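Below are the chains, spelled out letter by letter.
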Amino acid sequence: MMTVSTFQLLDGKRCGEALRARIAQEAAAVKAARGRAPHLAAVLVGNDGASRTYVESKVKACESVGFRSTLIRLPESTSEDELLVRVKQMNRDKELDGYIVQLPVPAHIDPEKVTLAIAADKDVDGFHPENIGRMVLGQPCFLPATPSGIVELLRFNHIETAGKHAVVVGRSHIVGTPMSILLSRNAYPGNCTVTIAHSRTRDLPSITRQADILVVAAGRPEMITADMVKDGAVVVDVGIHRVPDTSRKSGFRLIGDVKFDEVAPKCAWITPVPGGVGPMTITSLLLNTLKAAQR
Ligand code: GUN
């Protein structure tokens, strides 16, 4: 079997920077027209370290494109009712274009109730059933950030998608399921024949080996090995995991759901971790916030 020895990186950092330059221009136009910049708020309940890092990078990204941002930190002990009161306040706040409640929320709060309480026209995460329904129907909506960022990454790199077999590993509500819908749409990027694989899939390697485009969002470190990938595939790795590494100052390094070193040489294109999907997710949130502000 022939192995493709040169692969190209689907560089989310570079693509994200290019898109953010455009977003910054449009944000300035919004500010000139409306007298205020697009404004995103992020609510963080509790002290989860990873969530704090994510939320802080979202807020920082807002600053980088000239958006206003508000970080609302609530204690772990916040009740569901208290959070719902805050959500309703934000729904009414005319100075706020969009907001997110970072997940996971503490166990005593029902995330579904919170998602339902967020006004669909401020739901820049695209998690509200109204936005998900609109996405399925191809109507104007806020698209969920990670799959939408992947679509933008494919577009930026002019990856051919029509007629390709896309295999999505993972069926979460926020990545795998919407990814499968976006890739099968009659659009570019899209027009793929899509298979969704999950924990009950039989003989996963035989399925992933059929993928022209393989999107892995299973949350299992380095589960995709070279024998599971077709020569010349486009591989998108959504996973991000910290593993201890004493050679790093931080004491850890980041790995994905794909065993990059052995898979990359077989690929036409592959996302690095970090620097692939991650920066695109945040860019999509900025795009949704801009869209909210432009209405
Ligand atoms: N937790 C992990 N990813 C996300 C996301 O995209 N949005 C929110 N609100 N929480 C998350």
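Below or above, wherever it landed, is the structure these notes cover.

Quick notes on the rules
Residues numbered from 1 in each chain as written. Predicted model: local features only at pLDDT ≥ 70, side-chain atom pairs only at ≥ 80, totals over all residues. Heavy atoms only, no water. 1 Å grid on protein atoms, 1.4 Å probe; cavity = no way out; pocket = protein on both sides within 12 Å on 5 of 7 lines; lining within 4 Å. Points joined across faces, edges and corners; volume = space filled by probe spheres on them. Helix = DSSP H or I, 4+ residues; strand = E, 2+ residues; numbered from the N terminus. Pairing = 2+ DSSP bridges.

**Quick look at empty space enclosed by the protein**
On inspection of all chains with the given rule, the structure shows one cavity of 30 Å³ or more. Counted as a void, the largest cavity has a volume near 80 Å³. The wall of the largest cavity is formed by Y99, I100, V101, L103, V114, T115, I118, D123, D125 and F127. Going through the elements one at a time, β4 (98–101) and α4 (111–117) are the ones with two or more residues in the lining of the largest cavity. For the lining of the largest cavity, the element with the most residues is β4, which contributes three residues.

**Some remarks on the sheet that holds strand β1 (residues 8–9)**
Strands sit in the order β1-β11-β8-β7-β5-β6 across an open sheet of six strands; the sheet is parallel. The open sheet has two edge strands with one neighbour each: β1 and β6 (193–197). In the sheet, strand β5 (residues 165–169) pairs with β6 via five bridges, with the strands oriented parallel. Bridged to A166 within β6 is V194.

**Thoughts on the layout of surface pockets**
Here the largest pocket is characterised by a volume of approximately 1500 Å³. Residue lining of the largest pocket: 50 residues in total, with Y54, T146, I240, G278 and T281 positioned closest to the centre. Mapped onto the lining of the largest pocket, the elements with two or more residues apiece are α1 (12–34), α2 (49–64), β4, α6 (145–156), β9 (241–244), β10 (252–255) and α10 (277–294). Ranked by the residues each element gives to the lining of the largest pocket, the list is headed by α2, at eight residues. Considered as a void within the structure, the second largest pocket measures approximately 280 Å³ in volume. Lining the second largest pocket we find L103, P111, E112, T115, L116, F127, P129, I132, H173 and I174. The leading source of residues in the lining of the second largest pocket is α4, at four residues.

Any functional reading would require information that these geometric values do not contain.
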